[in-house]
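Examination of the molecular architecture
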Amino acid sequence: MQKTLNLFLLVLIFFSGCTQPNIINSPTGYNLAAPDVLKMPAPLNEISGIAFKDGSADTLFAEQDEDGRLFYFSPANITEQNTKFGKKGDYEDIAILKGNVIILRSDGTLFIMPLNNIHAEKVENVQEFQGILPVEEYEAMYADETSALLYILCKSCSTDKATKSITGHILKYDAGSAPVMQSNFEINTKEIADMAKENKVSFRPSALAKNKLSNDWYILSSVNKLLVITDAQWKVKQVFELDPALFNQPEGIAFDKAHNLYISNESGLMQNATVLKFIYNAGKK
């Protein structure tokens, strides 16, 4: 009996020693389990989109989705400054393009203002553009400085309900004039479901950014707690589940010119809003 008990204990100890900790899968070059956590001040509890100008990490631009205020601050010293640009509304994402700040409202309305005017208490010369995008629900936008193109993804669009896809729009922007619709694209949600090992995924994009190192698109879905990576032609390459303990409500995404990845989270129950910084590590597979 004692020999049997001893053998059982040895087997138990062996298998206990072989137990591996939970591993969070991450994109090449990043560790989604180990960010630098930047806690946001109370005025940014509802932080939504984030952006850099030309990838410069000196200043992070952000907007929160209620008060029509634009915020800017150094990630190294979070003393936020802000300016009023519009009425209360559901503002979802922000981009910097051709010396202008562009803010996306959830109904597809775009607000454009000169970047050099944001240091006043209230921004003057804010242009409001309606009707360029179909009136649907949007949260994700990215601006490409080289091509002067705006990429905007539907969060929930009526045209997508009968298809296994998410629609995106590409707009051309010349400073001083209205953005012009140039073309559309689609992301196959069945590919996302297959990689997530789900029968079906009701994918709801909340933020969009391009990794210029790989030329891949990084797409967040706060509702699904997913990070989806596609190639330059929007074909799905990888899908990563996000840990809710870190990503309680991921609404913004951006890269700096050193290829570091930033993801913003709105505040949650007993939690500050955060910006999570994931340092790029060229040696990480």
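Residues numbered from 1 in each chain as written. Predicted model: local features only at pLDDT ≥ 70, side-chain atom pairs only at ≥ 80, totals over all residues. Heavy atoms only, no water.

Here we come to the pairing of strand S3 (residues 60–64). When you tally the buried positions in S3, you get five out of five residues, the bulk of the element. In S3, alternate side chains face the same way, and those of Leu60, Ala62 and Gln64 on one face and Phe61 and Glu63 on the other are all buried. The pairing of strand S2 (residues 47–51) with S3 spans three bridges and is classified as antiparallel. Paired with isoleucine 50 across the bridge in S3 is alanine 62. As defined by bridge partners, S3 adjoins strand S4 (residues 69–74) across four bridges and the pair is classed as antiparallel. (Buried < 20%, exposed > 50% of the residue type's maximum accessible area, 1.4 Å probe, protein only. Helix = DSSP H or I, 4+ residues; strand = E, 2+ residues; numbered from the N terminus. Pairing = 2+ DSSP bridges.)

Strands sit in the order S1-S20-S19-S18 across an open sheet of four strands; the sheet is antiparallel. Of all the strands in the sheet, the pair left with one neighbour each is strand S1 (36–39) and strand S18 (250–255). For this sheet, the mean inter-axis angle between neighbouring strands, taken without regard to orientation, is 20°. With five bridges joining them, strand S19 (residues 261–265) and strand S20 (residues 274–278) adopt antiparallel strand pairing. Looking at the pairing, tyrosine 262 lines up with lysine 277 of S20. (Axes fitted to C-alpha atoms, helices over the stretch in contact; angles between N-to-C directions.)

Averaged over all residues, the pLDDT of the chain is 89; the fraction at 70 or higher stands at 91%. Low confidence marks residues 1–23, where pLDDT is under 50. Its contacts with residues over four positions away, or in another chain, come to zero contacts. (pLDDT = per-residue confidence, 0-100. Contact = heavy atoms within 4.5 Å.)

Spatially, the four strands line up as an open sheet ordered S2-S3-S4-S5, and their pairing is antiparallel. Strand pairing shows two members of the sheet lacking a second neighbour, S2 and strand S5 (77–84), which therefore form its edges. Strand-to-strand, the axes of this sheet are offset by a mean angle of 25°, without reference to chain direction.

What follows covers the state of the cysteines. Tallying each qualifying case throughout the model produces one disulfide. Across the disulfide, cysteine 154 is cross-linked to cysteine 157 (sulfur-sulfur distance 1.9 Å). Note on the cysteine 154 and cysteine 157 pair: the S-S dihedral is about -85°, so by sign convention the disulfide is left-handed. By relative accessible area, which is 1% here, cysteine 154 ends up buried. For cysteine 157, a relative accessible area of 4% gives the class buried. (Disulfide = S-S within 2.5 Å.)

On to the pattern of salt bridges. For the coordinates displayed, the defined rule picks out nine salt bridges. Lysine 88 is the partner of aspartate 67 in a salt bridge, and the nearest nitrogen-oxygen pair spans 2.7 Å. In this pair, aspartate 67 is assigned in the loop between S3 and S4 and lysine 88 in the loop between S5 and strand S6 (91–97), connecting sequence segments 21 residues apart. Note on aspartate 67: relative accessible area 23%, which makes it partly exposed. Lysine 88 sits in the exposed class, given a relative accessible area of 67%. (Salt bridge = Lys/Arg side-chain N within 4 Å of Asp/Glu carboxyl O.)

Another aspect to go through is the nonpolar core. Grouped together as the largest cluster of nonpolar side chains are 39 residues, with contacts concentrated most on Tyr151, Ile187, Ile192, Leu208 and Ile253. Excluding its chain neighbours within four sequence positions, the residues that come into contact with isoleucine 187 are Leu153, Lys164, Ser165, Ile166, Ile192, Ile219, Trp234 and Val236. Counting 18 residues, the second largest nonpolar core, distinct from the first, contains Ile112, Ile132, Ala143 and Ile152. (Core = buried A, V, L, I, M, F, W, Y, C linked by side-chain atoms within 4.5 Å.)

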